[in-house]
Protein chains: 2
Amino acid sequence: MVSLKDISVRCGVSVATVSKALNGHKDVSEATRERLLKAAKEMGYFPNSQARALKTNKTLNLGVMFSDEAGSGLTHEFFAKVLNSFKIEAEAAGYDITFINKNVGRQKMSTYEHCKYRNVDGVVIACTDFSTQDVYEVINGDIPVVTIDHIFDCRTAIMSNNEKGIEELVNYVADMGHRRIAYIQGNRSAVADRRLAGFCKACMNRGIEVAPELLLAGDYHNPEKTYELTKELIAMSERPTCIFMPDDYSSMGGLGAIKDSGLSVPNDISVVGYDGIAYSQLLSPKLTTYLQDTAEIGTEAAKKLISLIENPQTTFTEVVTVDGRLIEGASVKRII
Amino acid sequence: MVSLKDISVRCGVSVATVSKALNGHKDVSEATRERLLKAAKEMGYFPNSQARALKTNKTLNLGVMFSDEAGSGLTHEFFAKVLNSFKIEAEAAGYDITFINKNVGRQKMSTYEHCKYRNVDGVVIACTDFSTQDVYEVINGDIPVVTIDHIFDCRTAIMSNNEKGIEELVNYVADMGHRRIAYIQGNRSAVADRRLAGFCKACMNRGIEVAPELLLAGDYHNPEKTYELTKELIAMSERPTCIFMPDDYSSMGGLGAIKDSGLSVPNDISVVGYDGIAYSQLLSPKLTTYLQDTAEIGTEAAKKLISLIENPQTTFTEVVTVDGRLIEGASVKRII
DNA sequence: ATTTTTATCTCAAACGTTTCCGTCAATTAG
DNA sequence: CTAATTGACGGAAACGTTTGAGATAAAAAT
């Protein structure tokens, strides 16, 4: 490994000068700068990030805390897409991203401790469960943090506009004439709460009664559970004309239940999903759903985080709301 | 930030002793070790990974090179799952993983240069295109490397058994009585070649003619293209009784084409996919496909890479083949 | 009682940077 | 012509570790 020193001896200058030349400081003549740059290139020099970080306390490294009770963080399409755009934006700004977990070497440590150990410049948190000790520690630590889809006091959050998304779907469905609408919730979480709030509010605005028996407690990303619940709904004496599934993926289970019951979508019953994943538009009929702007969420998260890091004095905690877009498929039938 | 020095002054011992105590060296008495450990904990000490790496030349950090012409690396379910299990295994062994790209700070650099800069202990490469200059540099560098689904000379590779997968599918389909089988290829790559080879070989073994007009050049992960090609196949005078789709995701396009033509699966035409993604089993009929053992691939990749890193002298380059498993759905009809 | 071993700890260099401060010559100002 | 300014560069400390070689004292062996 070729170091600054190697260059300095070969060129007969001091290490300090080489460092300054390569980092574009002004107190080095143009002539020597070029000479040193040339030598550096010839010798295949690359800065040692560890040494640099040791001195500067900047690692140009962003931690990603992605957890999920199922442990399948990356397999989750929403997370994967958000992370992907986060990564692209971060990389464009010169930051690397590394996953933060709970052990390094043989030692166990908390996520926060891990962040300190690696000296990440900032952390983005995207979890299904924000109520853990691990999250709490990071939130209360002194590393810049951005959270996704969860609001903590005094921390910047990027929020997918869940409330608005559901509202738009309710309005759409109401416009199609539906009045008896079932809603299968996701597992209890801030996101689920917000969506439910949006549902109830929009129903109220449209004068639609929210019948308790049509408000089912389901799970996100759980087609099996959704299958069961959909069966229950279908078996009702006064069957709903439209079902809100927890998300697109789960809706596959719901659609299966409907098919297995000898009914068809949208003729016998209408269905809407949530997320706007690719598959939803490959089904027939295409699913009417709400596309979350995952690209924008990830990009925004990276931008805000980097801004917090690089301009700590001028950047303030804020909540960024990212709207999505209703995708009109063919899974909702006009009944009026 | 509390350092070894802080502990040493507080406890009245030398920095060296603290270091040794905390790292479990034997030349420190049990009494002082405990005293130091206690102090370290109380003071909230955490080792500085940069300083440590600077000395030891080990970062406990693994680079991940995930590229994809579409730039959608993480969104790709196969990649995401492999990466996920890779991550789990690596973390269990105490390694972090960071994505390697082409710029750090304001500077542009090649992937290999980036690896050197970050001093990753090893790199795993999973790309759709292995023929780039960037891959070439890494392969020819001096960092331990494991590749996924591509074989380079003198480098360990983890291979999904594509040949066997297709062979099993052909045998299954042949057992069901199909003789006129269409095969939509993925885009030109080592994987596509291997699958095609498996297809031809198995057909030959079963005495099935591989008709050139039934061998179509398609794309992986491209439902639209697959839609078109399936339409072409359906329109043939002597229509195939079974179609091999490039992969499960693409097959959604093919299934759409069949439905749009007023035909049904599997009654009018049989279909098989490849990958075994979750969605394929939520369709009705369920897709008959080949489940790649992504968990094993990722786990194996991490194990081999770590082994190369930690036992450079006793570990040799090898090719690990990971078998998958045929999933019998209901998309292939028995016609004999 | 002397020597050897063992256990425990310290010294000090090294890893590759960055950066403040100082030096020295050349240029400009007075 | 002297004094002040500027430009270009070097010295050296510092960041937080690790580690082999030495030091010291206590224990064991002779």
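Look up: the structure comes first, before these words.
The paragraphs below set out a description of the structure included in this document. (Residues numbered from 1 in each chain as written. Chains lettered and ligands numbered in written order. Predicted model: local features only at pLDDT ≥ 70, side-chain atom pairs only at ≥ 80, totals over all residues. Heavy atoms only, no water.)

1. Some thoughts on the interface of chain B and chain A
Here is step 1: Taken together, the 53 residues of chain B in the interface contact 53 residues of chain A.
Here is step 2: The largest share of the area that chain B buries against chain A comes from Gln50, Tyr117 and Tyr279 of chain B, three residues that together contribute 14% of it.
Here is step 3: Where chain B touches chain A, the interface holds two salt bridges.
Here is step 4: The partner of Arg118 of chain A in a salt bridge is Asp96 of chain B, and the shortest N-O contact between them spans 2.5 Å.
Here is step 5: Between chain B and chain A we count 20 residue pairs in polar contact (both at pLDDT 80 or more) in total.
Here is step 6: At the level of elements, helix H4 (49-56), helix H5 (77-92), strand S2 (96-99), strand S3 (103-104), helix H6 (111-118) and helix H11 (248-260) of chain B are the ones that each hand at least two residues to the side of chain B that touches chain A.
Here is step 7: In terms of residues, the side of chain B that touches chain A owes the most to one element, H5 of chain B, which gives nine residues.
Here is step 8: Its residues assigned to classes, the side of chain B that touches chain A shows 26 nonpolar, 18 polar and nine charged. (Contact = heavy atoms within 4.5 Å. Buried area = accessible area lost by both parts, 1.4 Å probe. Salt bridge = Lys/Arg side-chain N within 4 Å of Asp/Glu carboxyl O. Polar contact = N/O pair within 3.5 Å; in protein donor to acceptor, adjacent residues only side chain to side chain. Helix = DSSP H or I, 4+ residues; strand = E, 2+ residues; numbered from the N terminus. Nonpolar A, V, L, I, M, F, W, Y, C, P; charged D, E, K, R; others polar.)

2. Let's talk about the relation of the copies chain B and chain A
Here is step 1: When chain B is fitted to chain A, the residual RMSD is 0.2 Å, and the transformation amounts to a turn of 180° plus an axial shift of 0.1 Å. Interpreted geometrically, this transformation is the action of a two-fold axis.
Here is step 2: Comparing interface residues between copies, 100% of those in chain B also lie at the interface in chain A; the contact surface is shared. (Least-squares fit on C-alpha atoms with pLDDT ≥ 70 in both.)

3. Points about the sheet that holds strand S11 (residues 270-272) of chain B
All names here are of chain B.
Here is step 1: In space, the four strands of this open sheet follow the order S9-S8-S10-S11, with parallel pairing throughout. Looking at strand neighbours, the two that pair on one side only are strand S9 (215-217) and S11, the edges of this open sheet. The sheet shows a mean angle of 20° between the axes of neighbouring strands, direction not considered.
Here is step 2: Its contacts with the sheet place helix H8 (residues 162-175) against strand S8 (181-185), strand S10 (242-244) and S11, and it is angled at close to 175° to S10. (Pairing = 2+ DSSP bridges. Axes fitted to C-alpha atoms, helices over the stretch in contact; angles between N-to-C directions.)

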